[in-house]
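In case you want the letters, here they are:
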Amino acid sequence: MDSKEIISNSLWKQNSGLVQLLGMCPTLAVTSSVVNGLSLGLLTAIVMAFSNASVSPIRKLVPTEIRIPVFILIIAALVTIIDLGMHAYFHALHAVLGIFIPLIVTNCIVLARVEAFAAKNPIAPSALDGFMMGFGLALVLSVLGGMRELIGKGTLLSGIDLALGPAAKHWVITVIPDYHGFLLAILPPGAFIGLALLIAGKNWLDNRQASNDLQGTPKPALAAGH
Amino acid sequence: MSEDQLNQDKASEDKPVSIWSHAFSTAGVMIGFCIVGTVLLAYTHLKTSDLIASSEKQAKLALLSQVLPPALHDNNLLQDTFKVPAGGELGNSDETFAYRGRLGGKPSAVIFEAIAPDGYSGDIKLLIAIKADGEIAGVRVLAHKETPGLGDYIDIAHSDWIKKNFDGQSLIKTKDELWKVKKDGGSFDYMAGATITPRAVVKVVHKALQYYAQHQQQIFAAGSGLKEK
């Protein structure tokens, strides 16, 4: 599998948030704003790159019967190391994202990519697959977070000062001034409705593309016939 | 059944020992990974624990200085603590810490960690700083699960409600029966749509003031009544 295919698979065809529908727990719980969604998504991408990269070289050492416990052990150890490292060196960032990091262990997309890809492929493509799958998830989480934040609060990027320091406070975009808020979008049902809309949107795009292809191909044949 | 599987079955019938050796080698691999994982985690923990402890201390001090201005004390708050026993006066079901502020050796203020158990969704954790004369120096919400956009105005990140309503309050300024939100006939503001949340906060701050009034002597007298750390 070449890297182009891995990337297009991860970002669109097999997108973990919209197609594989794995890792719904963070997808639905964390996406109340762009900053939350993007932060957790990027952290997941980093963990997935590392977990795929560390499982791939040892894939032939692990007997099939115990591969799942070994993989979980590796993922949990990695996440804990990242958690401790962030807590020690990036305390402010950890204060914001700290609660999400242990959630990554429970995200089945991490284990799914380790099992489906890294256990069968060499190290470089595995790391790329892990990162890109995570990045695809991060994109979905940011868009979903953006939809919910915009409809729910009328802003975008609120809370960015918590992640990047007080200097970033003026990055917050108030799209609709004096907006009274639409609570449903921020609450859990908003996550379900938003995700459903995104999935429907992706399917619509795919279907349109497919029907365009169908209409497109016979045309030259017709033209040639006349 | 494929030929491979047949052969495998035959092999395992012929040599039952191989099952055992397979089991042991599998267990060995598992143990090996556990050991490597444990060593890595132990090493990371050793490397980071001091840094984490010191940055947590910094964060805690920064938090305490939000409720008690540095001008009101000259001691190290983290070293002058006592435990408030569990038992509900401050809403705490476990022992919590309280911090004593002193200015030139004299008691100047006390900071309680309190819990309002009757928020709209779950516990609201607060820091309440009370000056030695019984006036509130500051109140902050540490953690809450109130509805975003409705009940979360108790958080200083969302509005200055908590500052406006509690800074400078005392039992003398506001009589016991007025420690309620305006809707209930008291003197504290609330925002339409969320009365349960401020009701809980007002109640716990009131309780903390009463607790302080009752235990003032014990709190500052080292080694009496309340346990020393």
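On a predicted model such as this, the values are computed, not experimentally measured, just so you know.

Some thoughts on the overall build of chain B
Turning to step 1, where the next piece is worked out: A count of helices and strands for chain B gives four helices and five strands.
Turning to step 2, where the next piece is worked out: Going from N to C terminus, chain B has its helices and strands arranged as α-α-β-β-β-β-β-α-α.
Turning to step 3, where the next piece is worked out: The burial tally for chain B puts 39% of its 229 residues in the buried class.
Turning to step 4, where the next piece is worked out: Contacts spanning at least 24 positions in sequence make up 49% of the contacts within chain B whose residues lie at least 6 apart.
Turning to step 5, where the next piece is worked out: A total of about 12700 Å² of accessible surface is found on chain B, and carbon and sulfur atoms cover 57% of it.

Looking at the overall build of chain A
Turning to step 1, where the next piece is worked out: The number of helices and strands found in chain A is 12 helices and two strands.
Turning to step 2, where the next piece is worked out: Along its sequence from the N terminus, chain A presents helices and strands in the succession α-α-α-α-α-α-α-α-β-α-β-α-α-α.
Turning to step 3, where the next piece is worked out: Residue pairs at least 24 apart in sequence account for 76% of intrachain contacts in chain A once pairs closer than 6 positions are excluded.
Turning to step 4, where the next piece is worked out: For chain A, the accessible area works out to roughly 11300 Å², and carbon and sulfur atoms hold 71% of it.

Some thoughts on the sheet that holds strand β4 (residues 122-131) of chain B
All names here are of chain B.
Turning to step 1, where the next piece is worked out: Spatially, the five strands line up as an open sheet ordered β1-β2-β3-β4-β5, and their pairing is antiparallel. Across the chains shown, the open sheet's two edge strands, defined by having one partner strand only, are β1 (81-84) and β5 (136-143). Taken pair by pair, the neighbouring strands of this sheet meet at an average axis angle of 25 degrees, ignoring direction.
Turning to step 2, where the next piece is worked out: Pairing of β1 with strand β2 (residues 96-103), which is carried by four bridges, proceeds in the antiparallel orientation. Paired with Val84 across the two strands is Thr96, which belongs to β2.
Turning to step 3, where the next piece is worked out: Helix-sheet contacts for helix α4 (residues 196-220) involve β1, β2, β3 (106-119), β4 and β5, and the interaxial angle to β3 is about 145 degrees.

Here's the deal with unusual backbone geometry
Residue and element names in this part refer to chain A.
Turning to step 1, where the next piece is worked out: Non-glycine residue Leu21 carries a positive phi angle of around 50 degrees.
Turning to step 2, where the next piece is worked out: Positionally, Leu21 belongs in the loop between α1 (3-13) and α2 (24-30).
Turning to step 3, where the next piece is worked out: Leu21 sits in the partly exposed class, given a relative accessible area of 39%.

Thoughts on the interface of chain B and chain A
Turning to step 1, where the next piece is worked out: Facing 19 residues of chain B, the contacting portion of chain A comprises 22 residues.
Turning to step 2, where the next piece is worked out: Together chain B and chain A conceal approximately 1800 Å² of surface at their shared face, both sides included; 84% is due to carbon and sulfur atoms.
Turning to step 3, where the next piece is worked out: Of all residues in chain B, the largest losses of buried area upon contact with chain A belong to Met30, Phe33 and Leu41 of chain B, amounting jointly to 29% of the total for that side.
Turning to step 4, where the next piece is worked out: Applying the counting criterion to the chain B and chain A interface returns zero salt bridges.
Turning to step 5, where the next piece is worked out: Between chain B and chain A we count two residue pairs in polar contact (both at pLDDT 80 or more) in total.
Turning to step 6, where the next piece is worked out: Considered class by class, the residues forming the side of chain B that touches chain A number 11 nonpolar, seven polar and one charged.

Some words on the pairing of β5 of chain B
Residues and elements named next belong to chain B.
Turning to step 1, where the next piece is worked out: Counting buried residues in β5 gives six out of eight residues, a clear majority hidden from the surface.
Turning to step 2, where the next piece is worked out: Sheet analysis places β4 next to β5, joined by six bridges and oriented antiparallel. In the strand pairing of β5, Lys125 is matched with Ala143.
Turning to step 3, where the next piece is worked out: If you look at the hairpin formed by β4 and β5, you'll find four residues sitting between the two strands, and Gly134 has a positive phi there, around 90 degrees.

Structural notes on the confidence of the model for chain A
All names here are of chain A.
Turning to step 1, where the next piece is worked out: This prediction gives chain A a mean pLDDT of 83; 92% of its residues lie at or above 70.
Turning to step 2, where the next piece is worked out: Within chain A, the element-level pLDDT minimum falls on helix α12 (residues 218-225), averaging 46, and the maximum on helix α8 (residues 123-153), averaging 91.
Turning to step 3, where the next piece is worked out: Taken as a whole, residues 220-226 scores under 50 in pLDDT and shows zero contacts with residues more than four places along the chain or in a different chain.

Comments concerning helix α3 (residues 34-55) of chain A
Turning to step 1, where the next piece is worked out: If you check α3 of chain A, its first and last C-alpha atoms are 31 Å apart, about what 22 residues at 1.5 Å a residue would give, namely 32 Å.
Turning to step 2, where the next piece is worked out: Extensive coverage of α3 of chain A is indicated by the burial of 16 of its 22 residues.

Brief notes about the confidence of the model for chain B
Residue and element names in this part refer to chain B.
Turning to step 1, where the next piece is worked out: For chain B, per-residue confidence averages 82 on the pLDDT scale, and residues scoring 70 or more make up 89% of the total.
Turning to step 2, where the next piece is worked out: Per-residue pLDDT stays below 50 along residues 223-229; that stretch engages in 16 contacts with residues further than four places along the chain or on separate chains.
Turning to step 3, where the next piece is worked out: Reported confidence for the predicted complex is 0.71 by ipTM and 0.69 by pTM.

Observations concerning the pattern of salt bridges
All names here are of chain B.
Turning to step 1, where the next piece is worked out: Scanning the model with the defined rule gives 10 salt bridges over all chains in all.
Turning to step 2, where the next piece is worked out: Salt-bridge contacts for Lys203 lead to Asp118; the nearest nitrogen and oxygen are separated by 2.9 Å. Of the two residues, Lys203 sits in helix α4 while Asp118 sits in strand β3, which places them 85 residues apart along the sequence.
Turning to step 3, where the next piece is worked out: Classification of Lys203 as partly exposed rests on a relative accessible area of 44%.
Turning to step 4, where the next piece is worked out: Residue classification places Asp118 among the partly exposed residues on the basis of a relative accessible area of 29%.
Turning to step 5, where the next piece is worked out: Each of Asp80, Arg100 and Arg102 takes part in one network of salt bridges that share partners.

Observations concerning the packing of α1 of chain A against α8 of chain A
Residues and elements named next belong to chain A.
Turning to step 1, where the next piece is worked out: The contact between α1 and α8 brings their axes to 8 Å, and the two run at 25 degrees. Relative to α8, the element α1 lies roughly parallel. Judged by the sense of rotation from one axis to the other, the crossing of α1 with α8 is right-handed. Seen from α1, the contacting residues are Ser3, Ile6, Ile7, Asn9, Ser10 and Leu11; seen from α8, they are Pro125, Leu128, Asp129, Met132, Met133, Phe135, Gly136 and Leu139.
Turning to step 2, where the next piece is worked out: Residues of the contact of α1 with α8, tallied by class, amount to nine nonpolar, four polar and one charged.

Description of the environment of Gly168 of chain B
All names here are of chain B.
Turning to step 1, where the next piece is worked out: Tracing the chain through its elements places Gly168 in the loop between α3 (161-166) and α4.
Turning to step 2, where the next piece is worked out: Taking C-alpha positions, Gly168 is 5.5 Å from Glu135, a pair spaced 33 residues apart along the chain.
Turning to step 3, where the next piece is worked out: Not counting residues up to four positions away in its chain, the partners in contact with Gly168 are Glu135, Ile136 and Lys173.

Rules of the game
Numbers given for residues are sequential positions, taken from 1 along each chain in its written order. Each chain is given a letter, starting from A, and each ligand a number, starting from 1, according to the order in which they appear as written. With the structure being a predicted model, the display of local features is reserved for residues of pLDDT at least 70 and the display and counting of side-chain atom pairs for 80 or more, all residues being used for whole-chain, interface and lining totals. Calculated side-chain values reflect all of the structure's heavy atoms, with hydrogen atoms and water omitted. Secondary structure elements follow DSSP: runs of H or I no shorter than four residues count as helices, runs of E no shorter than two count as strands, and numbering proceeds from the N terminus. Accessibility here uses a 1.4 Å probe with only protein chains present; expressed as a share of the type maximum, an area under 20% marks a residue as buried, one over 50% as exposed, and anything in between as partly exposed. Working rule for contacts: check all heavy atoms of both residues, and any pair within 4.5 Å makes them a contact. Every accessible area reported is derived by Shrake-Rupley at a probe size of 1.4 Å, with residue values counting cover from the shown protein chains alone. If DSSP finds at least two bridges between two strands, the strands pair. Between the N-to-C directions of two axes lies an angle of 0 to 180 degrees, each axis being a line fitted to C-alpha atoms and, for a helix, fitted only over the stretch in contact. Once two parts are joined, some of their accessible surface, as seen by a 1.4 Å probe, is lost; buried area is that loss totalled over both. Here a salt bridge means any side-chain nitrogen of Lys or Arg lying within 4 Å of a carboxyl oxygen belonging to Asp or Glu. Counting of polar contacts relies on pairs of N or O atoms within 3.5 Å, with two restrictions inside protein: one atom must be capable of donating a hydrogen and the other of accepting it, and residues adjacent in sequence are counted only when both atoms are side-chain atoms. Each residue gets one label: Ala, Val, Leu, Ile, Met, Phe, Trp, Tyr, Cys and Pro are nonpolar, Asp, Glu, Lys and Arg are charged, and the others, such as Gly, are polar. On a scale of 0 to 100, pLDDT captures the predictor's confidence in every residue. Multiplying 1.5 Å by the helix residue count minus one yields the expected span of that helix. Throughout, the term roughly parallel applies to angles under 35 degrees, roughly antiparallel to angles over 145, roughly perpendicular to angles from 65 to 115, and oblique to all others. Here a crossing is called left-handed whenever its near helix is offset anticlockwise from the far helix by less than a right angle, and right-handed whenever the offset is clockwise.

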